[in-house]
Amino acid sequence: MMDGDIYADSVELEGSTFTVRVALQKAKITDFDRTDLDEKFRGRRVVLVVPNESLRSVLERLLVHWGCVVDSYPRATEAIAGVRELSRKGDGYGYDVAIIDQYLPDLSGEGLVAGIRVADGNLDLPIILLTNIGALLGQANASLEHVMPLAKPIKQTRLAASLLKAFGLARNPTAQVESNSFKAWKEEKNTWKGLRIL
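These figures come from a predicted structure and were not determined experimentally. (Residues numbered from 1 in each chain as written. Predicted model: local features only at pLDDT ≥ 70, side-chain atom pairs only at ≥ 80, totals over all residues. Heavy atoms only, no water.)

## Brief notes about the pairing of strand S2 (residues 15-21)
At step 1: Relative to S2, strand S1 (residues 5-11) runs antiparallel, the two being bridged by seven bridges. Considered in S2, the bridge of Asp5 is made with Arg21.
At step 2: The hairpin turn running from S1 into S2, its antiparallel successor, is three residues long, and Leu13 in that turn takes a positive phi close to 70°. (Pairing = 2+ DSSP bridges. Helix = DSSP H or I, 4+ residues; strand = E, 2+ residues; numbered from the N terminus.)

Following this line, the structure appears as structure tokens:
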């Protein structure tokens, strides 16, 4: 149907590797790509702590594309050490936001929230916590204040909205970064009749 190929290589007791190849057209540039996010985000310092190398690389490239200065780490202990080192440089070297995966190999995301804030010297540092379910966290622990959960898979519009909120730049940030094509899709979706799946 898509003129592609699917391959599977399997080794007993080791696992399987699936490869899918399809030819796709280059995506059209949307209004979202033309927003002034780079102007709003340029020079903002972000600490990114994500153990998955692929996700960390994609997020880092996107943040740099938007003009952010990014320090990224795969582990909590490395992140805390890096943040502590930066904070020793003095005023003007702190972070504007931390993006942390909830599931880290050496410390929980919630535990890292407190660790990074102490190392940065900013107990109100905004945190975007990447989670599989996007569930709201309890606020019983003071270290979890100013924490915004963001469900995976990460979408550009949701990440941009979370960053705008973290930087105090938008009351309803999601609405400001939605593209016209997305708005049109939502309007069209409201006209759809019930969908039956067998």
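## Digging into the sheet that holds strand S5 (residues 97-101)
At step 1: One open sheet holds the five strands; their spatial order is S4-S3-S5-S6-S7, and the pairing between them is parallel. The open sheet has two free edges, formed respectively by strand S4 (69-73) and strand S7 (147-151), since each of these has just one partner strand. Ignoring which end each strand starts from, the neighbouring axes of this sheet average 20° apart.
At step 2: The pairing of S5 with strand S6 (residues 127-131) spans four bridges and is parallel. In the sheet register, Ile99 faces S6, and the bridge partner there is Ile128.
At step 3: Where helix H3 (residues 76-87) meets the sheet, it contacts strand S3 (45-49) and S4, and its direction lies at approximately 140° from that of S4. (Axes fitted to C-alpha atoms, helices over the stretch in contact; angles between N-to-C directions. Contact = heavy atoms within 4.5 Å.)

## Regarding the pattern of salt bridges
At step 1: Tallied over the entire structure, the rule returns five salt bridges.
At step 2: Measuring nitrogen to oxygen at the nearest pair gives 4.0 Å for the salt bridge that ties Asp106 to Arg75. Taken together, the residues span a long stretch of sequence, with Asp106 in the loop between S5 and helix H4 (109-120) and Arg75 in the loop between S4 and H3 at a distance of 31 residues.
At step 3: The class for Asp106 is partly exposed, based on a relative accessible area of 24%.
At step 4: A salt bridge links Asp101 to Lys152; the shortest N-O distance between them is 3.0 Å. Pair noted here: Asp101 is in strand S5 and Lys152 is in the loop between S7 and helix H5 (156-166), with a separation of 51 residues, a long-range link.
At step 5: Classification of Asp101 by relative accessible area gives buried; the value is 3%. (Salt bridge = Lys/Arg side-chain N within 4 Å of Asp/Glu carboxyl O. Buried < 20%, exposed > 50% of the residue type's maximum accessible area, 1.4 Å probe, protein only.)

## Quick word on the environment of Leu163
At step 1: By secondary structure assignment, the location of Leu163 is in helix H5.
At step 2: Distance from Leu163 to Ala98, taken between C-alpha atoms, is 9.8 Å for residues 65 residues apart in sequence.
At step 3: Those residues in contact with Leu163 that sit more than four places away from it in its chain are Phe41, Leu63, Trp66, Val97, Ile99 and Ile128.

## Observations regarding the packing of aromatic side chains
At step 1: Taken as a whole and judged by the stated rule, the model has two aromatic pairs.
At step 2: Taking the centre distance of 5.5 Å and the plane angle of 65° together, the rings of Phe41 and Trp66 count as edge-to-face. Pair noted here: Phe41 is in helix H1 (residues 37-41) and Trp66 is in the loop between helix H2 (53-65) and S4, with a separation of 25 residues, a long-range link.
At step 3: According to the relative accessible area criterion, Phe41 is buried, its value standing at 0%.
At step 4: Here the aromatic rings of Phe41 and Phe167 are separated by 5.5 Å at their centres, their planes lie at 75°, and the arrangement is edge-to-face. Separated by 126 residues along the polypeptide, Phe41 in helix H1 and Phe167 in the loop between H5 and helix H6 (173-177) bring together distant segments of the chain.
At step 5: The ring of Phe167 has Arg44 lying over it, and the distance from NZ or CZ to the ring centre is 4.4 Å. (Phe/Tyr/Trp six-rings, centres within 6.5 Å; stacked < 30°, edge-to-face > 60°. Lys NZ or Arg CZ within 6 Å of the ring centre and 35° of its normal.)

Such coordinate-based values are descriptive only and should not be taken to indicate function.
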